[in-house]
Amino acid sequence: MSECERAQRLSAYHDGEVSEAERVSLEAHLEGCPACAAERNRLRRLSDLLSAAPRPEMSADALARLHRAADDMAMADLGRMAKTLMAVAASILLVCAVWLWQSRAATEPTEPIPAWETAATTSQGTLATASDEQLARWIVQDLERKNGHD
Amino acid sequence: MPSESGQPQPADAALLRRARHGDASAFHDLVDRHAARLFAMAASFVGNVTDAEDIVQETFAGAFRGLRAFEGRSSVRTWLTSILVRQTAMHRRRTTRREARLVRLETTAEPVAAVPSPTQAADTRIDVMDAIQLLSPQHRDVIILRELEGLSYDEMAEALGIPRGTVESRLFRARRQLQERLKGYLD
């Protein structure tokens, strides 16, 4: 292992991020290598120095702003949910309205078949016996019914 | 850890589940628990209090939007750290380096209430902070996450989106640079 590779493994050893087998091997090496022992000591002192560095603290105002922002996000989320629910409700209403319209159209009584039409589509015998006068009367009745005349 | 009333506080995962189901107070509790830590990280990442506040706000906004997508494969702490790291990267891409506008943590108009250290002189603390800020963003990130936040290599790999081996090598090189800059304090 090169010096650089060993130094890098020492860095990981310092962090407790090596396997048990490697830890045992490195500790055995450290006992007999002053240079690596000195490197381990420097790593410890560096960590102590860094951990003593001041940590910036968040002001109370900044924390309050964070909480207000969280409230705003919750309100915006509720607003989005409300819009989605309204859209779903509108879609359901539309589907129901279409279904109702179609159902009503299917059950409405059909326009009565005019007598002259019935006569025209029945057997030849019936047609043959209806006089022209009778046919005309049927047509007139049908027209009167449609126009709403007495 | 019990609360002031002696009742055990809910775990982060329980708070997140409640927040996911619309419990606003649970999300506020998560903010209270993690805001200070995330702010300290962000301020160390960017060296600027105002930007750090923006990054933390964007972090919690991202967390709120991602509540339903959180799968629980990592801790809530690591998850929030990952979001913060991504927001910091986005911030860095947006921000150009204008030295005149960069405000050192110790001289900002909005003074940072640094934790007093009885064992280190003020100039030592400034030297350490300067040395961290002089690192490249990649090296600064791993040093902060490891030395200041105590994340494991696996947690750092997940938060940074890089292989574990890359974490290890970056940390090694970052430490070498810091050892060089701070050798007066280490010898």
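Residues numbered from 1 in each chain as written. Chains lettered and ligands numbered in written order. Predicted model: local features only at pLDDT ≥ 70, side-chain atom pairs only at ≥ 80, totals over all residues.

Visitor: Mind showing me how you'd approach the overall build of chain A here?
Guide: Helices and strands together make up the secondary structure of chain A, namely seven helices and zero strands. Ordering the α and β elements of chain A from the N terminus gives α-α-α-α-α-α-α. Looking at the 150 residues of chain A, the share that counts as buried comes to 13%. Put simply, 39% of the contacts in chain A that link residues at least 6 apart link residues at least 24 apart. (Helix = DSSP H or I, 4+ residues; strand = E, 2+ residues; numbered from the N terminus. Buried ≥ 20, exposed ≤ 12 C-beta atoms within 10 Å, placed from the backbone. Contact = placed C-beta atoms within 7 Å.)

Visitor: What should I look at first to understand the overall build of chain B in this one?
Guide: Each helix and strand counted, chain B has nine helices and zero strands in total. Listing every helix and strand of chain B by position from the N terminus yields α-α-α-α-α-α-α-α-α. In chain B, which comprises 187 residues, the proportion classed as buried is 37%. By sequence separation, contacts in chain B at least 24 residues apart represent 62% of the contacts at least 6 residues apart.

Visitor: How do you make sense of the environment of Leu-160 of chain B when you look at a structure like this?
Guide: Its location among the elements puts Leu-160 of chain B in helix α7 (residues 153-160). Not counting residues within four places of it along the chain, the set of residues in contact with Leu-160 of chain B comprises Val-85, Asp-141 and Val-167 of chain B.

Visitor: What exactly am I supposed to notice about the environment of Phe-64 of chain B here?
Guide: Along the polypeptide, Phe-64 of chain B turns up in helix α3 (residues 49-65). For Phe-64 of chain B, a count of 19 C-beta atoms within 10 Å translates into the label partly exposed. Leaving out residues up to four positions away in the same chain, Phe-64 of chain B has contacts with Ala-70 and Met-73 of chain A together with Phe-27 of chain B.

Visitor: Looking at this structure, how should I read the confidence of the model for chain A?
Guide: The predicted coordinates of low-pLDDT regions are not to be read in fine detail. Averaged over all residues, the pLDDT of chain A equals 82, while 87% of them reach at least 70. Across chain A, helix α2 (residues 20-32) of chain A holds the top mean pLDDT of 94, while helix α6 (residues 124-129) of chain A sits lowest at 54. (pLDDT = per-residue confidence, 0-100.)

Visitor: Would you explain the nonpolar core in this entry?
Guide: Proteins that are soluble and globular tend to have nonpolar side chains buried together. If you look at the biggest cluster of nonpolar residues, it comprises 57 residues, and the most contacted ones within it are Phe-39, Ala-42 and Val-56 of chain B. No other element matches the twelve residues that helix α2 (residues 24-46) of chain B contributes to this core. Apart from residues no more than four positions distant in its own chain, Phe-39 of chain B is found in contact with Pro-56 and Met-58 of chain A together with Ala-52 and Val-56 of chain B. (Core = buried A, V, L, I, M, F, W, Y, C linked by C-beta atoms within 7 Å.)

Visitor: Just checking my understanding: could you explain the packing of α2 of chain B against helix α4 (residues 76-94) of chain B for this structure?
Guide: Helix packing geometry: the angle between the two helix axes and the distance between the axes. Residues and elements named next belong to chain B. Axis separation between α2 and α4 bottoms out at 11 Å; the angle between their running directions is 35 degrees. In terms of crossing hand, the pair formed by α2 and α4 is right-handed. Counting all contacts with α2, which are made through His-34, Leu-38, Met-41, Ala-42, Phe-45 and Val-46, the residues of α4 involved are Leu-80, Leu-84, Thr-88 and His-91. A breakdown of the residues in the contact of α2 with α4 according to their chemical character gives seven nonpolar, three polar and no charged. (Axes fitted to C-alpha atoms, helices over the stretch in contact; angles between N-to-C directions. Left-handed = near helix turned anticlockwise from the far one by under 90°. Nonpolar A, V, L, I, M, F, W, Y, C, P; charged D, E, K, R; others polar.)

Visitor: So what exactly am I meant to see when it comes to the interface of chain A and chain B here?
Guide: A common measure of how large an interface is: the accessible area buried when the components associate. In this complex, chain A contributes 29 residues to the contact, which on the side of chain B involves 42 residues. At the level of secondary structure, the elements contributing two or more residues to the side of chain A that touches chain B comprise α1 (3-14), α3 (34-51) and α4 (60-107) of chain A. Its residues placed into classes, the side of chain A that touches chain B shows 18 nonpolar, five polar and six charged.

Visitor: Please explain α2 of chain A as it appears in this structure.
Guide: Think of an α-helix as 3.6 residues a turn; residues three or four steps apart then line up on the same face. Between its first and last C-alpha atoms α2 of chain A spans 19 Å; for 13 residues at 1.5 Å apiece the expected length is 18 Å, and the two agree. Burial within α2 of chain A is sparse, with just one of its 13 residues counted as buried. (Expected span 1.5 Å × (residues − 1).)

Visitor: I keep staring at helix α8 (residues 164-181) of chain B and nothing clicks. Help me out?
Guide: With 18 residues, α8 of chain B should cover 26 Å at 1.5 Å per step; its first-to-last C-alpha distance of 26 Å lies within 8% of that length. Turning to α8 of chain B, its buried residues number three or more, namely Val-167, Glu-168, Arg-170, Leu-171, Phe-172, Ala-174, Arg-175 and Leu-178 of chain B.

Visitor: Please clarify how the confidence of the model for chain B should be interpreted in this entry.
Guide: All names here are of chain B. Per-residue confidence for chain B gives a mean pLDDT of 84, with 81% of residues at or over 70. When the criterion is pLDDT under 50, residues 106-117 qualifies, and its contacts beyond four places in sequence or with other chains add up to 17 contacts. For this predicted complex, the interface confidence score (ipTM) comes to 0.77, while the overall pTM stands at 0.69.

Visitor: Would you mind going over the packing of helix α6 (residues 137-148) of chain B against α7 of chain B with me for this structure?
Guide: All names here are of chain B. Here α6 crosses α7 at 135 degrees, and the two axes come no closer than 10 Å. Accordingly, the angle class assigned to the pair α6 and α7 is oblique. The hand of the α6/α7 crossing is right-handed. Together, Asp-141, Val-142, Leu-145 and Arg-146 of α6 and Met-156, Ala-159 and Leu-160 of α7 make up the contact between the two elements. Residue composition of the contact of α6 with α7, grouped by class: five nonpolar, no polar and two charged. (Parallel < 35°, antiparallel > 145°, perpendicular 65-115°, else oblique.)

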